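Below are the chains, spelled out letter by letter.
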Amino acid sequence: MSETKIWGIHGGATGDADPLFLQQNVVAIGWAEMGDPGKLKADREAFKAAVIAAYPGIKPGAIPNYAGQVFRFVHEMKIGDLVVYPSKRDRHVHIARVQGEYRYDPTVSREYPNQRSVKWLVDLPRTNFSQGALYEIGSAMSFFQVKSYAEEFRAAAEGKASPPPVTQDESVAAVAADIEENTRDFVLKRLAQEFKGHPMADFVAHLLGTMGYRTCVSPEGPDGGIDIIAHKDELGFEPPIIKVQVKSTEGSIGDPVVSALYGKVTTNEFGLLITLGSFTHQATTFGKSKSNLRLVDGNELVNLVLEHYEQFDSRYKGLLPLRKAYIPEAVNEE
């Protein structure tokens with residue numbers, strides 16, 4: 001017999017489904033506009049078609065996301081499975097066992113008509129779980145399978161919860177690293193999507209401006225391999241003069257491109273090549289051999305963006321929306 005699955009579920013952005021879940025002993029999801037998905041053919045393509053019909057203006061990327069969540073709730077969740085519900089109302093983690101088959105019942109809740117009966121087993125403060133477990137059930141999705149920390153929640157359902165002390169919780173560092181990695185991925189993705197071609201040169205010029213440089217961006221079109229001239233003084237007479245080439249490609253930049261830029265840099269000037277992608281080994285070796293040449297790949301560009309983001313103007317903050325947040329840091333006890 002296969003082991004029961006563990007699912008995570010949310011009760012709305014503000015926890016509005018909390019009374020339905022805890023007082024009526026059900027777990028439920030929305031997507032009410034789809035009607036009764038139990039009547040659909042039991043395959044994901046049928047569910048995707050139903051999502052498109054119910055939400056005509058939906059973004060393409062959201063279609064498999066919505067369809068997948070509803071499909072799993074209707075067809076993959078089974079009686080006997082465990083459900084983890086982190087309540088926004090009481091800030092506790094509630095764990096239940098599924099007792100009923102899927103049902104569509106808008107008379108109980110018009111907002112959450114897709115339901116399953118459950119029996120609540122335990123109700124524990126969030127402090128009873130590791131940081132990694134809490135992070136996993138904080139998924140952006142409404143309904144999802146818990147995998148990485150399934151055993152921790154299974155033990156909690158059996159009354160065996162024993163969270164490690166914060167100073168020994170190895171998942172703290174993993175959570176922090178995951179958040180940082182997601183942020184970096186988001187920045188690179190937005191840059192690649194919003195600043196293709198010449199707009200990328202404008203963005204880099206703005207970034208250099210936050211670092212104290214004055215810039216002149218070449219007009220759109222053939223630029224002779226130089227996208228930006230950067231300098232510290234108002235007139236651009238005083239060294240250092242920096243010739244900047246910007247590549248909005250996410251691929252790998254080779255030695256010919258780097259060498260071509262360096263060929264346009266005189267003795268008293270500096271060359272700077274910035275790309276969203278990376279550099280080949282040969283290009284990196286060439287760059288390191290020249291004291292007045294600097295190569296900035298996508299990873300380092302993100303570092304600069306995060307370091308100087310507070311100085312961005314409203315336009316670029318709007319195109320690259322970020323907010324300051326505190327994340328946990330691993331604590332070592334000697």
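Each remark here, short or long, concerns the structure printed above.
Every value quoted in this text rests on a predicted model; they were computed, and no experiment measured them. (Residues numbered from 1 in each chain as written. Predicted model: local features only at pLDDT ≥ 70, side-chain atom pairs only at ≥ 80, totals over all residues. Heavy atoms only, no water.)

## Examining the nonpolar core
If you look at the biggest cluster of nonpolar residues, it comprises 32 residues, and the most contacted ones within it are Ile9, Phe21, Val27, Phe73 and Met77. Every element with two or more residues in this core is listed here: strand 1 (6-9), helix 1 (18-24), strand 2 (26-29), helix 2 (44-54), helix 3 (62-76), strand 3 (82-86), strand 4 (92-98) and strand 6 (114-125). If one sorts the elements of this core by residue count, helix 3 sits on top with 6 residues. Once residues within four sequence positions are removed from consideration, Val27 is found in contact with Ile9, Phe21, Phe73, Met77, Val83, Asn114, Gln115, Arg116, Val118 and Trp120. Core analysis: the next-biggest nonpolar cluster, separate from the first, contains 27 residues, Leu272, Ile274, Leu301 and Phe312 among them. (Core = buried A, V, L, I, M, F, W, Y, C linked by side-chain atoms within 4.5 Å. Buried < 20%, exposed > 50% of the residue type's maximum accessible area, 1.4 Å probe, protein only. Helix = DSSP H or I, 4+ residues; strand = E, 2+ residues; numbered from the N terminus. Contact = heavy atoms within 4.5 Å.)

## So, unusual backbone geometry
Despite not being glycine, Asn25 shows a phi value in the positive range, around 55°. Here Asn25 is to be found in the loop between helix 1 and strand 2. In this structure, Trp31 takes a positive phi of about 55° despite not being glycine. Checked against the element boundaries, Trp31 lands in the loop between strand 2 and helix 2.

## As for the packing of aromatic side chains
Scanning the entire structure with this criterion turns up 15 aromatic pairs. When the ring of Tyr55 is compared with that of Tyr66, the centres are 6.1 Å apart and the planes differ by 80°; the resulting orientation is edge-to-face. Of this pair, Tyr55 sits in the loop between helix 2 and helix 3 while Tyr66 sits in helix 3, and the two are 11 residues apart along the sequence. Exposure remark for Tyr55: the relative accessible area of 18% places this residue in the buried category. In this structure Tyr66 comes out as partly exposed when scored by relative accessible area, which is 29%. With a centroid separation of 5.2 Å and an interplanar angle of 80°, the aromatic rings of Phe73 and Phe143 are classed as edge-to-face. On the criterion of sequence distance, the pair formed by Phe73 in helix 3 and Phe143 in strand 7 (residues 143-145) is long-range, its members being 70 residues apart. We classify Phe143 as buried; its relative accessible area is 0%. (Phe/Tyr/Trp six-rings, centres within 6.5 Å; stacked < 30°, edge-to-face > 60°.)

## Remarks on the pairing of strand 12 (residues 269-275)
Successive side chains on a regular strand alternate, one facing one side of the sheet and the next facing the other. Extensive coverage of strand 12 is indicated by the burial of 6 of its 7 residues. With 4 bridges joining them, strand 12 and strand 14 (residues 293-296) adopt parallel strand pairing. Directly across from Gly271, in strand 14, lies its bridge partner Leu293. (Pairing = 2+ DSSP bridges.)

## As for the pattern of salt bridges
Side chains carrying opposite charge are able to pair once their charged atoms draw close together. For the coordinates displayed, the defined rule picks out 8 salt bridges. Of the charged contacts, one joins Glu76 and Arg44 as a salt bridge, the two residues approaching to 3.1 Å between their closest N and O atoms. Here Glu76 is found in helix 3, whereas its partner Arg44 is found in helix 2, with 32 residues between them in sequence. Arg44 sits in the partly exposed class, given a relative accessible area of 32%. For Lys160, the salt bridge goes to Glu158, with nearest N and O atoms at 3.5 Å. (Salt bridge = Lys/Arg side-chain N within 4 Å of Asp/Glu carboxyl O.)

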